Every structure is written in C-alpha cells, then in structure tokens.
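Listed here are the chains, written in short residue letters.
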Amino acid sequence: MPSISIITFNCFGTPTPRTQRRLLTLADALNKSAADIVCLQEVQAHVYRRLFVRACHTFPFTAAERFIHAPKGGLLTLSRLPIARSDYTLYRNRGNIHTPALADWILHKGVLRVATEAHGQRVIMLNTHLSANYRGDWQAENRYVREERGQLQQLAEIVTAQDAGAIVLVAGDFNVPRGSALFQKFLQASGLVDPLAGDTRPTYRRMPGMPARFAMPIDFALVRAPRLPGLHLACDFRFANQVSLPGGVQSYLSDHIGLELTVTWGES
C-alpha cells in the first residue's frame, strides 16, 4: 500500500558538552529509520545544521531558511523524497522582547513548508516550533497564551490555504498541551486530525527542579488528508529511552520525545 512516514523531534540542538555526540547518535538512528521526512526543531546553530546535512546521508534533500546564527526558527527538514519547493513564513507575533520569550523572538520562529510527492500523491509538510509558555499555565489569559493563540491562528490559516488535494502534515513542538482549549480550537480551525488524540503521555522531559505541570504532551504530528481509499494513520513515540553515546555515556537524545507518524492509503 502507498504510504508516507515522518519523524518529528525537538533535538535540543543547543551548545552543551554532549550536543555533538547526541546529534551524531540521532543522525545514525535517523539513517536507520524508515521515515521519508524528518522535521527537526531547535537546530540552534549552523554548525549543527551542517552536522545533520552531512551525517544524515540517507536523506539527500534538505530545507531550512538561512539566517544569521542558525536556520530560522531552528527548523530543519530532511527528506528522502525530492523537494519540489520550500518556503518559510514568520510568525507575526513572536513575543515580548522584555520577557524570557526574547530567545524565541531572536530565533525568528515560524513555519517551514516543504512540497513533495509520495506515490503520485501531493504532500505538504509543515515543520514548526511555537513560542514557549514560561508559566506552564495554559488556562489563564497570560501573555504567553495570547502569543501562542496568535501563532496557532496563523498556523491554521497556513494549513487551510494548502491545496485541498494534498496530504498536509503538520509537525513540531507546539509548546501547547493536548487537551487544552487552545489546542482543541486550533484543530477545529485547521481541520487537522491528531492521531494520538486522548494520549496524555508527556513528550517533554522536564529538567530537575521544574514543576510537574511542565511535563505535558506538547509535540505533535497532525494530518489533513483528502478522501483517499483505505486511509489509515499510525503514530507513536520515538527516542523515549536513554541510548549509549560515543564514549559509552548513557544519555537521552533530547529533553523531548520524538514522534513517528505513518499515513497509508489505497487498497490492500
């Protein structure tokens, strides 16, 4: 049956003593995966973008929006499928520079769009990373909720503007939890389907000392598909466990957990 498979992962690509070893280990795992497309977030330096492009040798096609110190939004998309075109849309509201959201503003967060084709079916891949909610409170009307609401509204506009005959895949770190009113309204506005609806397992592994409320399912792989025969969605976690890095050190690949989504269609 025809299919397309994606992996989305916030790779925590910021400078630390273990970053290069973690990312090289991740690249090796991606090369061994069955994914057609990989959406990475937090590739926060060009040295790490180049590392992935070089090390992920089974993904000959890449997309990123060049910027000063890193790809815009920290977004990098790797593909085994030829990329017909790619473009980047900056979020209109990227936060207040006088708050911790300054880091999000500097990174110029937005949406990296890639157009490709799988088995004769048009596919649009949207890779994104929304601004963080530094209060970990998505119920009250605080400034972070307002920023995230605006970004979700813009993302929904981008989704609905895509060709109705294409499979539209939206993946990334939303920084908004599944089950929240923000997320539910976004699904309604965009027409996207969440294959893990109702799954409460956290995708963010909070740092020591952080309040428990930050451990939430905030990473997503979502789908909008035309009427295709035998359409089936399957999604689950990737990179949830510790691995052995070069030198024998045991470590998680990121402070997030990845997702792998497979969309199949056609007659069996």
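Up top you'll find the structure we're talking about.
Residues numbered from 1 in each chain as written. Predicted model: local features only at pLDDT ≥ 70, side-chain atom pairs only at ≥ 80, totals over all residues. Heavy atoms only, no water.

Colleague: What am I meant to see in the overall build of the protein here?
Modeller: Within the protein, the regular secondary structure consists of five helices and 13 strands. At 17 Å, the protein has a C-alpha radius of gyration in line with the 18 Å of a compact globule built from 268 residues. If you line up the protein on its principal axes, its C-alpha atoms span 50 × 45 × 35 Å. In the protein, of all internal contacts separated by at least 6 residues, the share reaching a separation of at least 24 is 71%. (Helix = DSSP H or I, 4+ residues; strand = E, 2+ residues; numbered from the N terminus. Rg over C-alpha atoms; globule rule 2.2 N^0.38 Å. Contact = heavy atoms within 4.5 Å.)

Colleague: How should I be thinking about the side chain of Thr-19 in this particular structure?
Modeller: Tracing the sequence through the fold places Thr-19 in helix H1 (residues 19–32). Thr-19 sits in the buried class, given a relative accessible area of 0%. Beyond its immediate sequence surroundings of up to four residues, Thr-19 is in contact with Phe-12, Gly-13, Thr-14 and Tyr-48. (Buried < 20%, exposed > 50% of the residue type's maximum accessible area, 1.4 Å probe, protein only.)

Colleague: Whenever I open this one, the pattern of salt bridges confuses me. Can you help?
Modeller: Opposite charge on two side chains permits them to pair, given that their charged atoms come into close proximity. One pass over the full model with this rule turns up eight salt bridges. Ionic pairing is found between Lys-32 and Asp-28, a salt bridge with its closest N-O pair at 3.0 Å. Of the two residues, Lys-32 and Asp-28 both sit in helix H1, four residues apart, roughly one turn of that helix. For Asp-28, a relative accessible area of 38% corresponds to the partly exposed category. As a salt-bridge pair, Glu-157 and Arg-92 come within 3.3 Å of each other at their nearest N and O atoms. In this pair, Glu-157 is assigned in helix H4 (residues 143–160) and Arg-92 in the loop between strand S5 (85–90) and helix H3 (102–107), connecting sequence segments 65 residues apart. Salt bridges linked by common partners bring Asp-199, Arg-201 and Asp-236 together as one network. (Salt bridge = Lys/Arg side-chain N within 4 Å of Asp/Glu carboxyl O.)

Colleague: Would you take a moment to explain the packing of aromatic side chains for this structure?
Modeller: For any two aromatic rings, the description comes down to two numbers: the centre-to-centre distance and the angle of the planes. Scanning the model with the defined rule gives six aromatic pairs in all. Residues Phe-174 and Phe-220 carry aromatic rings whose centres are separated by 5.2 Å and whose planes lie at 75° to one another, so their mutual orientation is edge-to-face. Here Phe-174 is found in the loop between strand S8 (167–173) and helix H5 (181–190), whereas its partner Phe-220 is found in strand S9 (residues 219–224), with 46 residues between them in sequence. For the pair Phe-183 and Phe-186, a centre-to-centre distance of 6.4 Å together with 40° between the ring planes defines the contact as tilted. Taken together, the residues span about one helical turn, with Phe-183 and Phe-186 both in helix H5 at a distance of three residues. (Phe/Tyr/Trp six-rings, centres within 6.5 Å; stacked < 30°, edge-to-face > 60°.)

Colleague: Help me understand the environment of Tyr-91, please; the structure alone is not making it clear to me.
Modeller: Looking at the secondary structure, you find Tyr-91 in the loop between S5 and H3. Between the C-alpha atoms of Tyr-91 and Glu-147, which are 56 residues apart in sequence, the distance is 9.8 Å. Non-local contacts of Tyr-91, meaning those with residues more than four positions away in its chain, are made with Lys-109, Gly-110, Val-111, Thr-128, His-129, Leu-130, Gln-151, Gln-154 and Leu-155.

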